[in-house]
Amino acid sequence: MDITSFDQFELNRQLLNAVADLGYTEPTPIQQKTIPISLGNHDVLGIAQTGTGKTAAYLLPLLMKIKYAQGKNPRALILAPTRELAIQISKAVTELAKYTDLRHVVAYGGLGPKTQIETLQQGVDMVVATPGRFMDLYRAGELVTKDIRTLVLDEADKMMDMGFMPQIRAILEVIPTKRQNLLFSATFGGRVERLSGEFLEAPVKIEVTPQASTADMVDQVIYEVPNFRTKINLLEHLLTQDDAQRVIVFARTKTSAENIYKFLTRKVFEPNQVRVIHANKGQNTRINSMEAFKEGNVRVLVATDVAARGIDVAEVSHVINFDVPLIYEDYVHRIGRTGRANRTGRAITFVTMMENYHVEKIERIIRMTVPRQPVPAEVEITETPFDEEQEMLRAVDEQRRKEDPTFKGAFHEKKFKNTADGRASQLAKVKAAKKAASRPKSARPGGPRPAGPKRSSSRGGKR
Ligand code: AMP
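Calculation rules
- Residues numbered from 1 in each chain as written.
- Predicted model: local features only at pLDDT ≥ 70, side-chain atom pairs only at ≥ 80, totals over all residues.
- Heavy atoms only, no water.
- Core = buried A, V, L, I, M, F, W, Y, C linked by side-chain atoms within 4.5 Å.
- Buried < 20%, exposed > 50% of the residue type's maximum accessible area, 1.4 Å probe, protein only.
- Helix = DSSP H or I, 4+ residues; strand = E, 2+ residues; numbered from the N terminus.
- Contact = heavy atoms within 4.5 Å.
- UniProt positions renumbered as here; feature names shortened; annotations may be inferred.
- Arc of directions from axis to C-beta.
- Near = heavy atom within 4 Å.
- Polar contact = N/O pair within 3.5 Å; in protein donor to acceptor, adjacent residues only side chain to side chain.
- Areas by Shrake-Rupley, 256 points an atom, 1.4 Å probe, with all protein chains shown as cover.
- Nonpolar A, V, L, I, M, F, W, Y, C, P; charged D, E, K, R; others polar.
- Salt bridge = Lys/Arg side-chain N within 4 Å of Asp/Glu carboxyl O.
- Pairing = 2+ DSSP bridges.
- Axes fitted to C-alpha atoms, helices over the stretch in contact; angles between N-to-C directions.

S.K.: Could you give me a rundown of the nonpolar core, with the residues and numbers involved?
M.R.: Grouped together as the largest cluster of nonpolar side chains are 38 residues, with contacts concentrated most on Y58, L59, L60, L63, I78, I89 and M126. For this core, the secondary structure elements donating two or more residues are α1 (13–21), α2 (29–39), α3 (54–66), β2 (76–79), α4 (83–96), β4 (126–129) and β6 (180–185). Considering each element in turn, this core owes the most residues, nine residues, to α3. Not counting the four nearest positions on each side in its chain, I89 is found in contact with T55, Y58, L59, I78, A80, V128 and D154. If you look at the next biggest cluster of nonpolar residues, it comprises 33 residues, including M135, I148, L153 and F199.

Have a look at this one:
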């Protein structure tokens, strides 16, 4: 049976509501496979990279299992190689367990253990920790392990790269042997296989590695654009080129897809040349749109990732990623729509300053750097509206903090007052932050663009 909704899992209302609050509409492939197996209490060997949704894949069944606050000792342990990952996992626990009373502590080195010990003393249901700090707390008598029934090793390959094997072995010695184990790793080589053989019991192996080979088949390019409006201008330009005969435009959200569709049907094409599919469209409408696109009656299909799963069209000339997907595996799925059956396709991605972060992660997954091209001269580059700029800078700060929890942020909204002076100083900081966030790769041949507005030559009128 296909799992297209979280409601199909045996998860309780508290968890489903938290999932809905996060805006997850459909489980990712690793979630579809892992959640039922883990709920069945089997050991799991998951081969999945960051970006696939693996964290929620193991957290949801785990939270379901430990359900509500109980006693003082932890009943689940999640080990992560770095404090950054530990913090990220802890954040996911907070978000997913928000409607429960479950308590957890995140324990990592690099700072004194006082607060962590205080939290432990108040009683916790789960511990998220780096191996070294976990053992320190255990040895100090601050961590009682006898009630641990679930162990998750996240990024196990990285743990081994970082030389944590002795600590992991030590931890396995001090936790109860009767427990469920889940091991996640981005790669599955000899060492991970040995480790899984050592501590997993008849695990179910679940693999969602993206096929890097698809990436080789497709001619990929990135355009760096400053804002939404410029993305729209660029989209119009690309879609009105002669070679863009059958194009899928991917958007991250339903709203974004709907806005793109409206723009295209109002300004660029006759309405019957474009279709849009997303989760809010009925099943029949989606099927009809897809058929029309497959048969070549429709030139452009605007789609969200969820809606586009399973589209199999052999002759897509272009895939345009209007937004960078946050589930990185989706990038590979998206570009795999073109370049099928030995045809060379073109995959174009629009990237703003705040999306660069995700592109770097995608490039790591596909193991290649996607070439960047300057926006064609005919395309109008519009000024970024103040609010949009703020939102992007805030996102860039957030990303930096994710990578480095000690990062204080180049941009602090609360410091700015809503006065003329406040706005001037804010603008100065915005400029400084922007400069810091921009990457040298984007240097345009021929120097910077003139700031004044320019009309796109392909504008005006429907085709
Ligand atoms: P992970 O691979 O666990 O690091 O997750 C990657 C990103 O995907 C995180 O930002 C999650 O919040 C997000 N995510 C996880 N599951 C889903 C889902 N089912 N739908 C949409 N986003 C998700």
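S.K.: Hey, could you go over the UniProt feature "domain: DEAD-box RNA helicase Q" (unreviewed entry) in the protein chain for me, with residue numbers and the actual values?
M.R.: On the UniProt side, "domain: DEAD-box RNA helicase Q" (unreviewed entry) is annotated at positions that read residues 4–32 here. Between the C-alpha atoms that bound residues 4–32 the distance is 8 Å, and the span itself is 45% helix and 0% strand.

S.K.: Hey, could you go over the environment of T240 for me, with residue numbers and the actual values?
M.R.: Tracing the sequence through the fold places T240 in the loop between α11 (228–239) and β9 (247–251). Note on T240: relative accessible area 12%, which makes it buried. Each C-alpha atom, one on T240 and one on V268, is 8.0 Å from the other, the two residues being 28 residues apart in sequence.

S.K.: Break down helix α5 (residues 114–122) for me, with residues and values.
M.R.: Side chains three or four residues apart in an α-helix point the same way, a direct result of the helix having 3.6 residues per turn. Taken as a whole, α5 has its buried residues at Q116, I117 and L120. Looking straight down α5, one finds its buried side chains confined to an arc of 100 degrees; they lie on one side. Facing away from the buried side of α5, by more than 90 degrees, are the exposed residues K114, T115 and Q122. Where the residues of α5 are buried, they touch β3 (104–107), β4 and α6 (131–139).

S.K.: So, the site of the ligand: which residues are in play, and what are the values?
M.R.: Neighbouring the ligand are 13 residues, the closest being Y24, Q31, G51, G53 and T55. Contacts to the ligand include Y24, whose side-chain N or O atom sits 2.5 Å from an oxygen atom. Between the ligand and the protein, one listed contact pairs an oxygen atom with a backbone N or O atom of K54 at 3.3 Å. Relative to its free-state accessible area of 500 Å², the ligand is covered by the protein chains to the extent of 76%. When its residues are assigned to classes, the shell around the ligand shows four nonpolar, seven polar and two charged.

S.K.: An account of α1 is requested, with residue identities and associated values reported.
M.R.: Here α1 has its buried residues at L15, L16, A18 and V19. Considered in projection along α1, the buried side chains sweep an arc of 160 degrees and stay on one side of the axis. Tucked inside the fold, the buried residues of α1 contact α3 and α4. G23, located one to two residues past α1, shows a positive phi value of around 85 degrees.

S.K.: Talk me through the side chain of T304; I want residue IDs and the actual numbers.
M.R.: With respect to the element layout, T304 can be found in strand β11 (residues 300–304). Exposure remark for T304: the relative accessible area of 6% places this residue in the buried category. Sequence-distant contacts of T304, defined by excluding residues within four places in its chain, comprise F250, A251, T253, K254, A257, I277, H278 and A279.

S.K.: Lay out the pattern of salt bridges with the relevant residues and their values.
M.R.: Taken as a whole and judged by the stated rule, the model has 17 salt bridges. Taking the shortest distance from any N to any O, the salt bridge between R83 and E84 comes out at 3.6 Å. Notably, a salt bridge pairs E118 with K114, separated by 3.5 Å at the nearest N-O pair. Here E118 and its partner K114 are both found in helix α5, four residues apart, which amounts to about one turn of the helix. Among the residues examined, E118 registers a relative accessible area of 36% and is labelled partly exposed. Through salt bridges that share partners, K231, R252, D323 and E355 make up one connected network.

S.K.: I'd like a description of the sheet that holds β11, backed by residues and values.
M.R.: Adjacent strands of a sheet pair through backbone hydrogen bonds, lying either parallel or antiparallel. Spatially, β10-β11-β9-β12-β13-β8-β14 is the arrangement adopted by the seven strands of the open sheet, whose pairing is parallel. Edge strands, defined here as strands with exactly one partner in the open sheet, are β10 (274–277) and β14 (372–373). Of the pairings in the sheet, the one linking β10 to β11 comprises four bridges and is parallel in character. Bridge assignment links R275 to a residue of β11, and that residue is L301. Relative to strand β13 (residues 345–351), α11 is tilted by about 165 degrees, and along the sheet it contacts β8 (218–224), β9, β11, β12 (318–321) and β13. The strands touched by helix α15 (residues 328–335) are β8, β9, β12 and β13; relative to β12, the strand with the most contacts, the crossing angle is about 155 degrees.

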